[in-house]
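Secondary and tertiary structure notes
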Amino acid sequence: MSEDLLAPIKTLQIVDRKLLKPNDYNPNKVAEQNLKLLTQSILTNGWTLPIVVRPDYTIIDGFHRWTVSGREPLKSKLGGKVPVVIVDHEDESKNIYGTVTHNRARGTHLLEPMKAIVKRLLDDGKTVQEISKELGMREEEI
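Just so it is clear, the structure is predicted and the values come from calculations on it, not from any experiment. (Residues numbered from 1 in each chain as written. Predicted model: local features only at pLDDT ≥ 70, side-chain atom pairs only at ≥ 80, totals over all residues. Heavy atoms only, no water.)

In this section: the overall build of the chain. Assigned secondary structure in the chain consists of six helices and four strands. Starting at the N terminus and walking to the C terminus, you meet the elements of the chain as β-α-β-β-α-α-β-α-α-α. Relative to its full complement of 142 residues, the chain shows a buried share of 40%. A total of about 8300 Å² of accessible surface is found on the chain, and carbon and sulfur atoms cover 55% of it. (Helix = DSSP H or I, 4+ residues; strand = E, 2+ residues; numbered from the N terminus. Buried < 20%, exposed > 50% of the residue type's maximum accessible area, 1.4 Å probe, protein only. Areas by Shrake-Rupley, 256 points an atom, 1.4 Å probe, with all protein chains shown as cover.)

Membership of the largest hydrophobic core comes to 15 residues, with the highest contact counts inside it found for Leu 20, Ile 51, Val 53, Val 82 and Val 84. Contributing elements (two or more residues each) for this core: α1 (32-45), β2 (51-53), α2 (63-69) and β4 (81-86). A per-element tally of this core places β4 first, with three residues. Not counting chain neighbours up to four residues away, the residues in contact with Ile 51 comprise Leu 20, Ile 59, Asp 61, Gly 62, Arg 65, Trp 66, Val 82, Pro 83, Val 84 and Val 85. The next biggest cluster of nonpolar side chains, apart from the first, holds seven residues, and it includes Tyr 25, Ile 117, Leu 121 and Ile 131. (Core = buried A, V, L, I, M, F, W, Y, C linked by side-chain atoms within 4.5 Å. Contact = heavy atoms within 4.5 Å.)

With 14 residues, α1 extends 20 Å from end C-alpha to end C-alpha; this agrees with the ideal 20 Å at 1.5 Å per step. Looking only at α1, the buried set comprises Leu 35, Thr 39 and Ile 42. The buried residues of α1 occupy an angular sector of 60° when projected down its axis, which confines them to one face. Turned more than 90 degrees away from the buried face of α1, the exposed residues are Gln 33, Lys 36, Leu 37, Thr 44 and Asn 45. Contacts from the buried residues of α1 go to α2 and α3 (74-78). (Expected span 1.5 Å × (residues − 1). Arc of directions from axis to C-beta.)

Turning our eyes to something else, we now look at the sheet that holds β4. Spatially, β1-β4-β2-β3 is the arrangement adopted by the four strands of the open sheet, whose pairing is mixed. Lying at the two open borders of the sheet, with one neighbouring strand each, are β1 (13-16) and β3 (59-61). The mean inter-strand angle of the sheet, taken between neighbouring strand axes irrespective of direction, is 50°. When β2 meets β3, the two strands line up antiparallel, connected through two bridges. Of the residues in β3, the one forming a bridge with Val 52 is Asp 61. (Pairing = 2+ DSSP bridges. Axes fitted to C-alpha atoms, helices over the stretch in contact; angles between N-to-C directions.)

Of all six residues in β4, five are buried; the element is thus mostly enclosed. The pairing of β1 with β4 spans four bridges and is antiparallel. For Val 15, the partnering residue across the bridge sits in β4 and is Val 82. Relative to β4, β2 runs parallel, the two being bridged by three bridges. Its bridge partner being in β4, Val 53 is matched across the sheet by Ile 86.

Next up, the structure:
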């Protein structure tokens, strides 16, 4: 990530939602009732948060916004389009950190997927201290 913290928002685009694909590590799960609430929020407030993607359009943050954008009435009202910003990390682990920290800032995670993420990062040579810092977790949690 560049030193320009505004760099991602400068990449704002409206794209076809079919270009996007979920990542393979998101530990965040949302109940159907919450997806309905998210849909209602978008209908009431408009689309307020872009989906954060890698340059290849893999979702870093915004999977549930992307999900509801493919359901009616949003699919028709949005014309199949969604707003995205692109984050280009040179280190794959930064994509994982981004997904987890966006989600942790908003809610909780399921234990098993988080264990798999921590194992993946450790297997990739990341230290407990780095994972702790990047994911906002205590070292004991790791």
